[in-house]
Amino acid sequence: MDRIKLFPAAALALTLAACDMAPKYVRPALPVPESSPQGPAYAVGDGQAIVPADTGWKDFFVDPRLVRVIETSLANNRDLRVALANVEQARAQYKVRRADIFPTLGANGGATYQDQPFAQQGVSGRTDIYTASVGVSAWEIDLFGRVRNLTKAAQEQYFASVENRNAAQTALIAEVANAWLSMAADQERLKIARDLEQAFGQTLNLTRARFAKGIASELEVRQAQTSHDQARSDIAQATTLVAQDQNALNLLAGGTVPAEDLPTAMPEGDVTLANLPSDLPSAALLRRPDIMAAEHQLAAANANIGAARAAFFPNISLTAAFGTISLGLSNLFKSGSDYWSVAPSASLPIFDFGRNQGNLRYARATYDAMVATYEKSVQTGFREVADALARRGTMTAQVEAQTSLRDSARVGYRLSEARFKAGVDAFLTTLDAQRTLYGAERSLVATRLTQATNMVELYRAMGGGLR
């Protein structure tokens, strides 16, 4: 009886002291420069800049309407729900795999009824046997780490699914913000088109009146009509774009976004914090969820090598039971009816025609592929940050130049209109001034949109947006 109690403890001690056949995991060196690029396109670094990975999205986005839309999206977006379900699946698989490390205890009870036709004369051939037992069935004693490495791989897959979910959330926040800003820009374009359509309409009416008096030519009327019709067409197009932008926001939010949370024009102030860093050490990329997920996948592949190596060594398992047996149900738990059994077994592959070797080669090749995937994730993250920084470094100058261009075009249009009404300039000069102003207004909106979305992309690329 004492030996039976000591056997599982000894087996557990052997398991805990078992060797690990997996290679020692070492994070690959970063295949990118140590810091972000420098040059004319990049702004000078700001020592007071926030750290995106440590800044929650509620702190980064400062427009309360946009914050409410993002909150709704995080609660209702279906793609994010799928990502969360994938996390739960991976966690359940990890729990299943982890259970293989420990013995599974089970209780069994049974009865056997038999009648022997050749029993001795005067003795009944009927025999009733009752059993009840508690035992361990085919528990693998993990001396070479096969089960533990498979458990480690499942755990890393679970961690990777968590990071994939975080990456999906970060991407969703950025997508919602960009969709909201696109709608704001299209609302602004619609307003500009309506204002210009009204101005072109006034010019058209004036030109028609001058034509009726013989002052203007029919060519001038047709030119004015062309500009007016173009503005009308732009109004129709912008109206469609605004409706499509709202549909996109509704899809991302998982429901209808309230009208009070929708933008009516490009905000006058900043939609986000402006003090993001202008340079970034490459090691900071390791905090991006997609790169962290790739590293967990790499660690899982490393553990699978250990499991494949362990398959070359003996597989030792244990089946044990302790219980009671009797010829009558009333005697089942009486003294003297107890019994026990222990059945250790071992198996060693001798000729498997290359199966284990093939599995090991597959595990190693998978690890090599995961190394390349990890390195590609780092390189992609570095490129995204560098591109966003390059765009940010020139945006201030571009917005200032585009604003000055719009202001100059606006003054030029007013002067040319006054000179045309005074009979100093030809109509074509006024028409060109109108078109120049229209183009400058639209270009300024596009530039401001690029500036706002660049801040969102820079925040996402630097690994922010989780809280």
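Now for a description of the structure that goes with this document. (Residues numbered from 1 in each chain as written. Predicted model: local features only at pLDDT ≥ 70, side-chain atom pairs only at ≥ 80, totals over all residues. Heavy atoms only, no water.)

Secondary structure summary: the protein contains nine helices and four strands in total. The secondary structure elements of the protein, listed N-terminal to C-terminal, are α-α-α-α-β-β-α-α-α-β-β-α-α. Scaling as 2.2 N^0.38, a compact globule of 467 residues should have a C-alpha radius of gyration of about 23 Å, whereas the protein reaches 37 Å, well beyond that. Oriented by its inertia axes, the alpha-carbon framework of the protein measures out at about 140 × 50 × 45 Å. (Helix = DSSP H or I, 4+ residues; strand = E, 2+ residues; numbered from the N terminus. Rg over C-alpha atoms; globule rule 2.2 N^0.38 Å.)

Attention now goes to the packing of helix 5 (residues 146-212) against helix 8 (residues 355-421). Packing of helix 5 against helix 8 leaves a shortest axis separation of 13 Å and a crossing angle of 15 degrees. By the angle class used here, helix 5 and helix 8 are roughly parallel. Like other packed secondary-structure pairs, helix 5 and helix 8 cross with a definite hand, here left-handed. Across from Ala199, Thr203, Leu206 and Arg210 in helix 5, the residues of helix 8 making contact are Tyr413, Phe420 and Lys421. (Axes fitted to C-alpha atoms, helices over the stretch in contact; angles between N-to-C directions. Parallel < 35°, antiparallel > 145°, perpendicular 65-115°, else oblique. Left-handed = near helix turned anticlockwise from the far one by under 90°. Contact = heavy atoms within 4.5 Å.)

Applying the stated criterion to the full structure yields 22 salt bridges. Aspartate 186 serves as the salt-bridge partner of arginine 189, at 2.7 Å between the closest nitrogen and oxygen. Of this pair, arginine 189 and aspartate 186 are both found in helix 5, three residues apart, which corresponds to roughly one turn of the helix. Using a relative accessible area of 8% as the deciding quantity, one classes aspartate 186 as buried. For glutamate 384, the salt bridge is made with arginine 460, and the minimal N-O distance between the two is 2.8 Å. Within this pair, whereas glutamate 384 is found in helix 8, its partner arginine 460 is found in helix 9 (residues 427-461), the two being separated by 76 residues in sequence. On the accessibility criterion, glutamate 384 (22% relative accessible area) is partly exposed. (Salt bridge = Lys/Arg side-chain N within 4 Å of Asp/Glu carboxyl O. Buried < 20%, exposed > 50% of the residue type's maximum accessible area, 1.4 Å probe, protein only.)

End to end, helix 6 (residues 218-253) covers 52 Å across 36 residues, agreeing with the expected 52 Å (1.5 Å per residue, within 8%). Just downstream of helix 6, glycine 254 is the residue with a positive phi angle, here 75 degrees. (Expected span 1.5 Å × (residues − 1).)

A few words now on unusual backbone geometry. At phenylalanine 353, a position not held by glycine, the phi torsion is positive, near 55 degrees. Assignment of secondary structure puts phenylalanine 353 in the loop between strand 4 (338-347) and helix 8. Judged by its relative accessible area of 82%, phenylalanine 353 is exposed.

A word on helix 8. If you check helix 8, its first and last C-alpha atoms are 92 Å apart, about what 67 residues at 1.5 Å a residue would give, namely 99 Å. Methionine 395 marks the point of greatest bend in helix 8, at about 40 degrees. Phi for glycine 423, located one or two positions after helix 8, is positive at around 80 degrees. (Bend = angle between axes of the 7 residues up to and from the residue.)

Quick look at the nonpolar core now. Ranked by internal contacts, the top residues of the largest apolar core, which has 69 residues, are Phe61, Leu66, Val176 and Leu249. Residue assignment for this core shows that the elements contributing at least two residues are helix 2 (57-60), helix 3 (64-76), helix 5, helix 6, helix 7 (289-310), helix 8 and helix 9. The dominant element in this core, judged by the number of residues it contributes, is helix 5, at 16 residues. With near-sequence residues (within four places) excluded, phenylalanine 61 lies in contact with Leu66, Val67, Ile70, Ile173, Ala177, Val271, Thr272 and Val456. (Core = buried A, V, L, I, M, F, W, Y, C linked by side-chain atoms within 4.5 Å.)

Along the polypeptide, glutamate 163 turns up in helix 5. Expressed as a C-alpha distance, the spacing of glutamate 163 and phenylalanine 200, which sit 37 residues apart in the sequence, is 54 Å.

All right, on to the packing of aromatic side chains then. For the structure on display, the rule yields seven aromatic pairs. Ring geometry for phenylalanine 60 versus phenylalanine 61: centroids 5.0 Å apart, planes at 80 degrees, classification edge-to-face. An identical accessibility class is assigned to phenylalanine 60 and phenylalanine 61; each is buried. With a centroid separation of 3.9 Å and 5 degrees between ring planes, the pair formed by phenylalanine 60 and tyrosine 459 is classed as stacked. With phenylalanine 60 in helix 2 and tyrosine 459 in helix 9, the pair connects residues that are 399 residues apart, well separated along the chain. A relative accessible area of 0% means that phenylalanine 60 is categorised as buried. Take tyrosine 459: its relative accessible area is 2%, and that puts it in the buried class. (Phe/Tyr/Trp six-rings, centres within 6.5 Å; stacked < 30°, edge-to-face > 60°.)

A word on the environment of valine 271. Looking at the element boundaries, valine 271 is found in the loop between helix 6 and helix 7. It is 22 Å that separates the C-alpha atoms of valine 271 and tyrosine 42, two residues lying 229 residues apart in sequence. Once residues within four sequence positions are removed from consideration, valine 271 is found in contact with Phe60, Phe61, Val62, Asp63, Leu66, Trp180 and Leu181.

Honestly, that's just the spatial picture; any functional story needs more than this.
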